Amino acid sequence: MGESLSIVWHAGEPLAVPISFYQEAFQAIDELSLSRKRICHSIQTNGTLINDGWCEFIKNHDIRIGLSIDGPELVHDAHRKDRRGQGTHARVMEGVRCLRKHGIDFHVIAVVTERSLDYPDEVFNFFLENGMHQIGFNIEEIEGTNASSTLSQNSGEQRVRKFFEESFSYRNI
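What you see is a predicted model, and the numbers here were worked out from it, not measured in a lab. (Residues numbered from 1 in each chain as written. Predicted model: local features only at pLDDT ≥ 70, side-chain atom pairs only at ≥ 80, totals over all residues. Heavy atoms only, no water.)

Draft legend 1. Just the sheet that holds strand β3 (residues 64–68), in detail. The strand order across the open sheet built from five strands is β1-β2-β3-β4-β5, with neighbouring strands paired in parallel fashion. With partners counted over all chains shown, the strands left at the sheet margins are β1 (4–9) and β5 (135–139), one partner each. This sheet shows a mean twist of 20° between the axes of neighbouring strands, independent of strand direction. Pairing of strand β4 (residues 106–112) with β5 involves five bridges; the strand directions are parallel. Considered in β5, the bridge of Ala110 is made with Phe137. (Pairing = 2+ DSSP bridges. Helix = DSSP H or I, 4+ residues; strand = E, 2+ residues; numbered from the N terminus. Axes fitted to C-alpha atoms, helices over the stretch in contact; angles between N-to-C directions.)

Draft legend 2. Representation of the packing of helix α1 (residues 19–31) against helix α2 (residues 52–60) in the model. Running from N to C, α1 and α2 point in directions that differ by 15°, and their axes come no closer than 11 Å. By the angle between their axes, α1 is roughly parallel relative to α2. The interaxial crossing formed by α1 with α2 has left-handed handedness. In this structure, α1 uses Ile19, Tyr22, Gln23 and Phe26 to contact α2, whose residues at the interface are Gly53, Trp54 and Phe57. (Parallel < 35°, antiparallel > 145°, perpendicular 65-115°, else oblique. Left-handed = near helix turned anticlockwise from the far one by under 90°. Contact = heavy atoms within 4.5 Å.)

Draft legend 3. Fine view of unusual backbone geometry. Unlike most non-glycine residues, Ala11 shows phi in positive territory, near 85°. Residue placement: Ala11 occurs in the loop between β1 and α1. Ala11 gets classed as exposed once you look at its relative accessible area, which sits at 53%. The phi angle at Asp62 is positive, at roughly 50°, despite the residue not being glycine. The topology assignment puts Asp62 in the loop between α2 and β3. Exposure remark for Asp62: the relative accessible area of 54% places this residue in the exposed category. (Buried < 20%, exposed > 50% of the residue type's maximum accessible area, 1.4 Å probe, protein only.)

Draft legend 4. Fine view of the environment of Ser4. Inspection of the secondary structure puts Ser4 in strand β1. Among the residues examined, Ser4 registers a relative accessible area of 45% and is labelled partly exposed. With 34 residues separating them along the chain, Ser4 and Arg38 place their C-alpha atoms 4.4 Å apart. Among residues more than four places away in sequence, those in contact with Ser4 are Lys37 and Arg38.

Draft legend 5. α1, seen in detail. Along its 13 residues, α1 runs 19 Å from first to last C-alpha, staying within 8% of the 18 Å computed at 1.5 Å per residue. What α1 keeps buried is the set Tyr22, Ala25, Phe26 and Ile29. Projected down its long axis, α1 shows its buried positions confined to an angular sector of 100°, all on one face. Every exposed residue of α1 that faces more than 90 degrees away from the buried side is listed here: Glu24 and Glu31. Where the residues of α1 are buried, they touch β1, β2 (38–45) and α2. (Expected span 1.5 Å × (residues − 1). Arc of directions from axis to C-beta.)

If you want it as structure tokens, here you go:
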């Protein structure tokens, strides 16, 4: 058995519940016999609800943060909308500023969609210009509530390959 246990809070929007939910959950986990292990918590968030209170909680519990952002506004907002149908990019960037104000490091998960494929330079430049250097790219797929993929047509596989080839071909990354 390992020395630590990693728990990832993911799916939906984990920060939609109050901080007290996590305080109680963390306490319950600590009280289990597993608490003899080092527990490492991670949260994958869309970043729209990050504020000073969340940042204090994240720092106090040494929580690893993953931020879902697909690149610049014209790419991100094409698929990442709130319940009112409004793009979320501006609010995510507010969350980024708050994390940085509190000295909290984070990684990024970006979903590559057909829209992304049209803007490889803008996507990569956005991450580089914003100091986001830990990026996981998820190729949009059909699963769960995502009943279709923008990449399932129009030579999706070849376009994804070209997206990465063009993006990495001239960069010294």
